[in-house]
Amino acid sequence: MKSKLLTIGELSKRTGCSIKALRYYDLIGLLKPVYVDPNSNYRYYNFEQTRMVELIQICINLSIPLKEVKDLVFKDNNKYYCLIGAERKENLGTIVYYESDNLKDWTFKGEIKTSFFGNGFMWECPDYLKFDDKGVLIFSPQGLKAEGDKYKNIFQSGYLIGENIDFSNGKFKHGEFTELDRGFDFYAPQTMTDDKNRRILIGWMGLPEIDYPSDKNQWAHCLTLPRELQLVNGRLIQKPVKELEQLRGEKLEFSYELNNEEKAIEGFNEKSYELICNFNNFNGKYIGLKLRKSINEETVFYYDIENKKLVLDRSKSKEKFALEYGTQRKCKYDKDELKLQIFVDISSIEVFVNDGEEVFTSRIFTGDESNELSIFADGSAKAEMKVWKIK
């Protein structure tokens, strides 16, 4: 087998790409060797991969980041494909694709044919991934009309799950469009495969055409925490990557039995932290948490038990913006237990519900004095909470 392959040194000589760079491309999953000797750990490549190295070098010369190079091209049934978000002349969003046998010569194939066509005037940032026999198409449609609690932001990001795309004709049989994130500020997510074969998603924590309070300081937006994607019961689950546990500092633990009351977390005064709170045995109207709280400010996440909805409310998060799109975000929820894992930073919160069944991502701009944390119930509930200060 090895006699028909190129060593990493031979690939380097053929392409002019350094051995160090080739090792790095392997590390980030951009160019994996086709064979690694289990005894020597030597890497071996096939001749076809010289084309991939040439493509990488072209993209680098065009100042395209390596992550985007990886996202641009993928292989399916021995052919290479590139998906591009597009807008038709009649102002309808779509996704087109190109095909190549050698990564050098590309043929325009047409549009990805979906039953979601007709929704939105532009589809941005497509990303295609596979989970066994299921295909997942992630993209960011612009121009969707709000439907109840759905599609409340100026632009959306979500996914379609179905059979694997048939690239011979572009047909994609799939289910309904599902939003990836229920919060205020999430857009243009992209995924990558890491060295543990996990599919990792990172999104833009911001939205185009929205004026943010930080704009006046010449600072625009940030990125979400990396999330591991899993396909469970026909839905994408987003879990914070386990490596984030390395940021945990001092841990505080609390137990509560709440009865129509709000309890402050005594002695807590932090801007950046992670918490995990498990609610159970609850009844009444509401249970929830107040984050980055002070006398006049708070960001509230709660479960509306009567209406069976999770709610994120930033109406009292001091600096207000994008008010034309509202100050609350909601989604349906109907379970007897509730686990919240929340990451709070200087100007952001990310709420993971039940280990990533739902996620709410939002920017908040509160005062320096708003560092308190409290738990509340309009009714009764039991809760167990762990809070970690961030190192």
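Residues numbered from 1 in each chain as written. Predicted model: local features only at pLDDT ≥ 70, side-chain atom pairs only at ≥ 80, totals over all residues. Heavy atoms only, no water.

K.L.:
Just checking my understanding: could you explain the overall build of the protein chain for this structure?
P.N.:
A tally of regular secondary structure across the protein chain gives four helices and 25 strands. Taking 2.2 N^0.38 as the reference for a compact globule, 391 residues should give roughly 21 Å; the C-alpha atoms of the protein chain span a radius of gyration of 24 Å, in line with that estimate. Taken over 391 residues, the protein chain has a buried fraction of 51%. Sequence-distant contacts in the protein chain: of pairs separated by 6 or more residues, those separated by 24 or more amount to 58%. Roughly 19300 Å² of accessible area belongs to the protein chain as shown, and the carbon and sulfur atoms make up 47% of that amount. Here the protein chain contributes 58 positive and 62 negative side-chain charges, whose respective centroids are spaced 4 Å apart. (Helix = DSSP H or I, 4+ residues; strand = E, 2+ residues; numbered from the N terminus. Rg over C-alpha atoms; globule rule 2.2 N^0.38 Å. Buried < 20%, exposed > 50% of the residue type's maximum accessible area, 1.4 Å probe, protein only. Contact = heavy atoms within 4.5 Å. Areas by Shrake-Rupley, 256 points an atom, 1.4 Å probe, with all protein chains shown as cover. Lys, Arg positive; Asp, Glu negative; His and termini not counted. Charge placed at Lys NZ, Arg CZ, Asp CG, Glu CD.)

K.L.:
Mind showing me how you'd approach the sheet that holds strand β6 (residues 93-100) here?
P.N.:
For sheets, the rule is that strands pair by backbone hydrogen bonds, running either parallel or antiparallel. Within the open sheet, the four strands sit side by side as β4-β5-β6-β7. Their pairing is antiparallel. Here the strands that pair on one side only, and so sit at the sheet edges, are β4 (74-76) and β7 (106-111). On average, adjacent strands in this sheet sit at an angle of 40° to one another, irrespective of strand direction. Inspection of the sheet shows β6 paired to β7 by five bridges, in the antiparallel sense. Note on β7: the bridge partner recorded for Tyr-97 is Gly-110. (Pairing = 2+ DSSP bridges. Axes fitted to C-alpha atoms, helices over the stretch in contact; angles between N-to-C directions.)

K.L.:
What am I meant to see in empty space enclosed by the protein here?
P.N.:
If a probe the size of a water molecule is rolled over the atoms, the empty space left behind becomes visible. Summed over all chains, the structure comprises five cavities of 30 Å³ or more. Along the walls of the largest cavity sit Arg-314, Ser-317, Glu-319, Lys-320, Phe-321, Leu-323, Gly-326, Thr-327, Arg-363, Ile-364 and Phe-365, which together make up its complete lining. Residue composition of the lining of the largest cavity, grouped by class: four nonpolar, three polar and four charged. (1 Å grid on protein atoms, 1.4 Å probe; cavity = no way out; pocket = protein on both sides within 12 Å on 5 of 7 lines; lining within 4 Å. Points joined across faces, edges and corners; volume = space filled by probe spheres on them. Nonpolar A, V, L, I, M, F, W, Y, C, P; charged D, E, K, R; others polar.)

K.L.:
Quick question: what am I supposed to make of the packing of helix α1 (residues 8-15) against helix α3 (residues 49-61) here?
P.N.:
Interhelical geometry of α1 versus α3 gives an angle of 55° and a closest axis separation of 10 Å. Relative to α3, the element α1 is oriented oblique. For α1 against α3, the interelement crossing comes out right-handed. In this structure, α1 contributes Leu-11, Arg-14 and Thr-15 to the contact, and α3 contributes Thr-50, Val-53 and Gln-57. Here the contact of α1 with α3 is built from residues that sort into two nonpolar, three polar and one charged. (Parallel < 35°, antiparallel > 145°, perpendicular 65-115°, else oblique. Left-handed = near helix turned anticlockwise from the far one by under 90°.)

K.L.:
Honestly, the nonpolar core in this entry has me stumped. Any pointers?
P.N.:
Soluble globular proteins tend to bury their nonpolar side chains together. Counting residues in each nonpolar core, the largest one holds 36 residues, and the members touching the most others are Phe-279, Leu-289 and Leu-338. Broken down by element, the residue count for this core peaks at eight residues, all from strand β18 (residues 273-293). Excluding residues within four positions of it along the chain, Phe-279 makes contact with Ile-287, Gly-288, Leu-289, Glu-337, Leu-338, Leu-340, Ile-375, Lys-382 and Ala-383. (Core = buried A, V, L, I, M, F, W, Y, C linked by side-chain atoms within 4.5 Å.)

K.L.:
Would you explain the sheet that holds strand β9 (residues 134-142) in this entry?
P.N.:
Across the sheet, four strands lie side by side as β8-β9-β10-β11; this open sheet has antiparallel pairing. Both edges of this open sheet fall to β8 (122-131) and β11 (178-179), since each of them pairs with a single strand only.

K.L.:
Explain the environment of Ile-112 to me, please; I cannot follow it from the model alone.
P.N.:
Summarising the element assignment, Ile-112 is placed in the loop between β7 and β8. A relative accessible area of 4% means that Ile-112 is categorised as buried. Between the C-alpha atom of Ile-112 and that of Asp-166, which follows or precedes it by 54 residues, the distance is 9.1 Å. Excluding residues within four positions of it along the chain, Ile-112 makes contact with Leu-83, Ile-95, Tyr-97, Leu-137, Ile-165, Phe-167, Gly-170 and Phe-172.

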